[in-house]
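Examining the three-dimensional arrangement
Residues per chain are reported as follows:
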Amino acid sequence: AAKSLNRSDPAGDRYSLAKALRLQGDARQRLSDNRGAREAWQMGLNALPQGVAQMPYETAERAMLLQRVGNAEEARKEMVMLGNMGFRGPGLKTR
């Protein structure tokens, strides 16, 4: 996943990388490469920074990746938090 880095925002760079890997996984899944899709999604989840405040779109990214790797309970918690903040339908899907 090629991307341009913004050295002044390393956490933002990691979210951008995670999004690119999520999209790569989605594309692989559409091509029936389920193993490759799961690997890309897991790499995206692993790329997310830990212990930093998240913007709502970053929380949504994390929730989408959690859903895709099969961690429905953690994804649900993130979605509830977004819902409580007034956000709806940030591209999340249910399994």
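Residues numbered from 1 in each chain as written. Predicted model: local features only at pLDDT ≥ 70, side-chain atom pairs only at ≥ 80, totals over all residues. Heavy atoms only, no water.

**What to know about the overall build of the protein**
Defined as follows: Numbering goes from the N terminus for both helices and strands, where a helix is a DSSP run of H or I of at least four residues and a strand is a run of E of at least two. Burial classes: relative accessible area under 20% of the type maximum marks a residue as buried, over 50% as exposed, and values in between as partly exposed (1.4 Å probe, protein chains only). Here, residues are in contact when the closest pair of their heavy atoms is within 4.5 Å. Values of accessible area rely on a 1.4 Å probe in the Shrake-Rupley scheme; residue burial ignores everything except the protein chains shown.
Secondary structure summary: the protein contains four helices and zero strands in total. When its helices and strands are written in sequence order, the protein yields α-α-α-α. Evaluated residue by residue, the protein yields a buried proportion of 35% over its 95 residues. Put simply, 51% of the contacts in the protein that link residues at least 6 apart link residues at least 24 apart. For the protein, the exposed area adds up to about 6,000 Å²; of that, 52% sits on carbon and sulfur atoms.

**Thoughts on unusual backbone geometry**
Glycine aside, negative phi is the norm for most residues, and most peptide bonds take the trans geometry. The phi torsion at Ser 32 lies on the positive side, around 65°, for a residue other than glycine. Relative to the helices and strands, Ser 32 resides in the loop between α1 (10-30) and α2 (34-47). Given a relative accessible area of 61%, Ser 32 falls into the exposed group.

**What about the confidence of the model for the protein?**
Low pLDDT marks stretches whose predicted atomic positions should not be read closely. Stated formally: Each residue carries a pLDDT score, the predictor's own confidence in it, on a scale running from 0 to 100.
For the protein, the average pLDDT comes to 87, and 85% of its residues sit at 70 or higher. Element-level pLDDT for the protein is lowest in helix α4 (residues 72-84), with a mean of 92, against a maximum mean of 98 in α2.

**Focus: helix α3 (residues 56-68)**
The criterion, for reference: Expected helix span is taken as 1.5 Å per residue step, with the number of steps being one fewer than the number of residues.
Taking 1.5 Å as the rise per residue, α3 with 13 residues should run 18 Å; its terminal C-alpha atoms sit 18 Å apart, in good agreement. Extensive coverage of α3 is indicated by the burial of eleven of its 13 residues. Looking at α3, one finds that the buried residues are Pro 56, Glu 58, Thr 59, Ala 60, Glu 61, Ala 63, Met 64, Leu 65, Leu 66, Gln 67 and Arg 68. Elements that come into contact with the buried residues of α3 comprise α1, α2 and α4. One or two residues past the end of α3 sits Gly 70, with phi positive at roughly 95°.

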